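One-letter residues, chain by chain:
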Amino acid sequence: MDPKKSQDALKLQAAIASLQYIEDDTIIGVGTGSTVNFFIAELIKIKHRVKACVSSSEASANLLKAGGIEVMELNNAGTLSLYVDGADEVTRHLAMIKGGGGALTREKIVAAASQKFVCIADETKLVDVLGKFPLPVEVIPMARSYVARELVKLGGHPEWRVKEIDGAMKPVVTDNGNWILDVRGLTIADPLALETEVNQITGVVTNGLFVKRGADVLLLATPTGVNIIFKSAQP
């Protein structure tokens, strides 16, 4: 089987498994990314069960609306019963790196406002130590260079995230109007401490370490089924 098709099949398994956590007639949070796209497709099939959703990105909001699901502003929704999102890396302690798709700040906000955070992922995302995936850091544009220098002091190698637009390389702009630095080379032995330290750098909006508010449950799809891993210890 084509590796991508095989991985997509695992993502779909994890997405389907997360549906059991949905409580009828509630407002739920929906994350961003390729695995979440499978979740949204499955959620649309049972949209009568949910009152509305709060989305962590414009991309996910558009998919939800296209499927006939109401999308609410978090300010009007109150505390959410459930948040479903993926991860770029996740440990068995359910600490994560997120933000490969650029929605880390809104993802972190929606996660914080939710009673339960269910992470859906395929087995390739499980790691013993975080850090092989570059750590995204959302920054205020005018602070990009300063923040990059501070990240170098922490041992990181920050790169300004750019993409080609109309034949020219331009900075990736988040839904919040900010820029992203992707930081390689960090030693993440204590992810909670590093999450806090990076967030204290002036000009940083937030970073992609989800430890202070990590997942409560990890649904990890493997070729033999979906493993359910509960948060049981601090990383």
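Read on for an overview of the structure. Note that the structure is predicted; figures quoted are calculated from it, not measured.

1. Topic: the packing of aromatic side chains
Evaluated as defined, the whole model comprises two aromatic pairs. Ring centres of Tyr83 and Phe117 lie 5.0 Å apart, and the angle between their planes is 50°; this geometry places the pair in the tilted category. With Tyr83 in strand E3 (residues 82-85) and Phe117 in strand E6 (residues 117-122), this pair connects stretches of sequence that are 34 residues apart. Its relative accessible area of 0% is what places Tyr83 among the buried residues. Taking relative accessible area as the criterion, Phe117 reaches 0% and is therefore assigned buried. Ring geometry for Trp160 against Trp179: centres 4.7 Å apart, planes inclined by 45°, an arrangement best described as tilted. Highlighted residues: Trp160 in strand E8 (residues 157-160) and Trp179 in strand E11 (residues 179-184), separated in sequence by 19 residues.

2. Quick look at the pairing of strand E7 (residues 135-139)
The buried fraction of E7 amounts to five of the five residues, a majority that puts the element mostly inside the structure. On E7, burial covers both faces: Leu135, Val137 and Val139 on one face and Pro136 and Glu138 on the other are all buried. Here E7 runs beside strand E12 (residues 204-207); their pairing, made up of three bridges, is antiparallel. For Glu138, the partnering residue across the bridge sits in E12 and is Thr206.

About the criteria used
- Residues numbered from 1 in each chain as written.
- Predicted model: local features only at pLDDT ≥ 70, side-chain atom pairs only at ≥ 80, totals over all residues.
- Heavy atoms only, no water.
- Phe/Tyr/Trp six-rings, centres within 6.5 Å; stacked < 30°, edge-to-face > 60°.
- Helix = DSSP H or I, 4+ residues; strand = E, 2+ residues; numbered from the N terminus.
- Buried < 20%, exposed > 50% of the residue type's maximum accessible area, 1.4 Å probe, protein only.
- Pairing = 2+ DSSP bridges.

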